[in-house]
Structures are given as structure tokens and as C-alpha cells.
Amino acid sequence: MGVEWSKGILFLREAAARMRFRRENTAINTVGIMCDFVCTRSSFVAQKKLYGYLKARMGTRYPSMFEDDVFVESINIAKLHVFAACLSDLTVHAVARVASGGALEGEEARTLALHCHEAGLADNGDVLPDAGTVEAWRSAFVKRIADVHWQNAALAADCFTESPKALFKWAPIADELKRYDREIVENSIRFAFGEVTRSFRERAELPELAQDWRAQSVT
């Protein structure tokens, strides 16, 4: 198993160790805090739902599968693709909320989204896959936000479109076993983001976040 994917397992453990957010109630009032929130929660949801799906599908065989290097490598590949999709979804949601509550204009919101997405990638730069894959994630995100109506996105429930698809696609489970799982699996990750978005809604100080981003943009 390569060094890169071994580091990937460490990434998951570190992400879990940073997840004290159930007890966290401090304000999200700077762009830096918001980016950290988006990154860590994306890591947590990716890990929780991928491992939860694998455990549910494999049952008692689940622990022994981690003795198989090929399977572990497949998990690491899946984990990073699901993380990238979670990062995309949660970035769009968080920025849409800031744009709506802080009256950010379209271009301001777009550049904030790019900043937040890039911060999430950079925060895990030592465990991400090859540069071509990461660049494909960037390109897909740029394309995704090109025509986003941020005010509408803040009110809609369709920001979380990429992570359900990624979880179902990348989970290392045989296709014949997946065939009846799509709806349950995709809904499970949407449900997991419900707690995250509630926390953001309760803690985010939207006008302050917009003001902080504008201050950074003019410096």
C-alpha cells in the first residue's frame, strides 16, 4: 500500500479527532472560522457515511476487511472523492447563506466560494491524490458555481447534490450488492448534513462574515 494512501488513513483519524463540534457553540464570524467549519465537517461526514455504509453492507466481515491492502486502498480512494464532493456541497451551502444574510453580490459570493473550496483542499494537501485529480475537482467546482443564484441557493435544499452521488459511486462495494441501495445511501448523507447545516445556521453571524470577506477583498 503506497505512502499516499497510508497518509489517507491518518487524515481520517485526524479529522475525527478534530470533531468536537457537538459541544461547540462559538460564533462563526470570520471567513477563516467558516472555512475551517466547512472543511472539518466535510471530512467528518465523508468518513462517517462511507464507513457506516461499508459496515452495514459487510456485517461481521467488516473488521477483517482492513487486513486486505487492496480493500484499504479502495477505501482511501473512495474517502477522498467523497470528501471532495462533501466539500463542494457544503461550500455552496455556507456561501449561499452568507450571500443571502450578508447581502453579498454574485461575484463576491463566487470568489468567497472559490476561496473556501481552495482552503479545504489546501488544509488536506498532504493526503490528496495526484494533481490531475485535484485539478479536476477544482474545475468541476468552478463550473458548478458559474451560474449559481446565491440568494435562491440559500433557500433551496438542492445544494447537496454531489456528495450523495459520490458516496454511492465510490464506496468499494460490488455493483450487484449496491443495486438496491442508492436511495437509502444517498438520503443518509443528506440527513447527516442536516445536523451540520443546523449548526451553521445557529452559529454563523452572516453580516459579520460578509463584512470580513469584503475587508479581505480590498486589502
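The structure presented is a predicted model; accordingly, all values stated were derived computationally and were not measured.

Caption draft 1: Examining unusual backbone geometry more closely. Its identity as a non-glycine residue notwithstanding, Ala103 has a phi of 55°, on the positive side. Relative to the assigned elements, Ala103 resides in the loop between helix 3 (69-102) and helix 4 (106-123). Residue class for Ala103 comes out partly exposed when judged on its relative accessible area of 47%.

Caption draft 2: Quick peek at the packing of aromatic side chains. Counting across every chain of the model gives two aromatic pairs. Centre to centre, the rings of Phe37 and Phe200 are 5.5 Å apart; their planes meet at 45°, and the pair counts as tilted. Of this pair, Phe37 sits in helix 2 (residues 31-58) while Phe200 sits in helix 9 (residues 182-203), and the two are 163 residues apart along the sequence. Each member of the pair Phe37 and Phe200 is classed as buried.

Caption draft 3: Broad picture of the confidence of the model for the chain. Overall, the predicted model of the chain reaches an average pLDDT of 86, with 88% of residues at or above 70. Mean pLDDT values for the elements of the chain range from 45 in helix 1 (residues 3-17) up to 96 in helix 7 (residues 162-170). Of the regions scoring below 50 in pLDDT, residues 1-10 engages in 17 contacts with residues more than four places distant in sequence or in other chains.

Caption draft 4: Here's a closer look at the pattern of salt bridges. One pass over the structure, following the stated rule, counts nine salt bridges. A salt bridge links Asp181 to Arg57, with the nearest nitrogen and oxygen atoms 2.9 Å apart. Highlighted residues: Asp181 in the loop between helix 8 (175-178) and helix 9 and Arg57 in helix 2, separated in sequence by 124 residues. Residue classification places Asp181 among the buried residues on the basis of a relative accessible area of 10%. On the accessibility criterion, Arg57 (32% relative accessible area) is partly exposed. In this structure, Glu107 and Arg110 form a salt bridge, with 2.9 Å as the shortest nitrogen-oxygen distance.

What counts and what doesn't
Within each chain, residues carry numbers counting from 1 in the order of the written sequence. In keeping with the predicted nature of the model, local features appear solely for residues at pLDDT of at least 70, side-chain atom pairs appear and are counted solely at 80 or more, and the whole-chain, interface and lining totals rest on all residues. Only heavy atoms go into the side-chain values, all of them from the structure, while hydrogens and water stay out. For the purposes of this entry, the term helix denotes a DSSP run of H or I that reaches at least four residues, the term strand denotes a run of E that reaches at least two, and both are numbered from the N terminus. Summary of the burial criterion: residues with accessible area below 20% of their type's maximum are buried, those above 50% are exposed, and those between are partly exposed, where the area comes from a 1.4 Å probe applied to protein chains only. Centres within 6.5 Å make a pair out of two Phe, Tyr or Trp rings, where for Trp the six-membered ring is used; the pair is then stacked when the planes are under 30 degrees apart, edge-to-face when over 60, and tilted otherwise. Every residue carries a pLDDT, the predictor's confidence in it, which falls somewhere between 0 and 100. The contact criterion used is simple: two residues touch if any of their non-hydrogen atoms lie within 4.5 Å. Salt bridge, as applied in this entry: a Lys or Arg side-chain nitrogen positioned within 4 Å of an Asp or Glu carboxyl oxygen.

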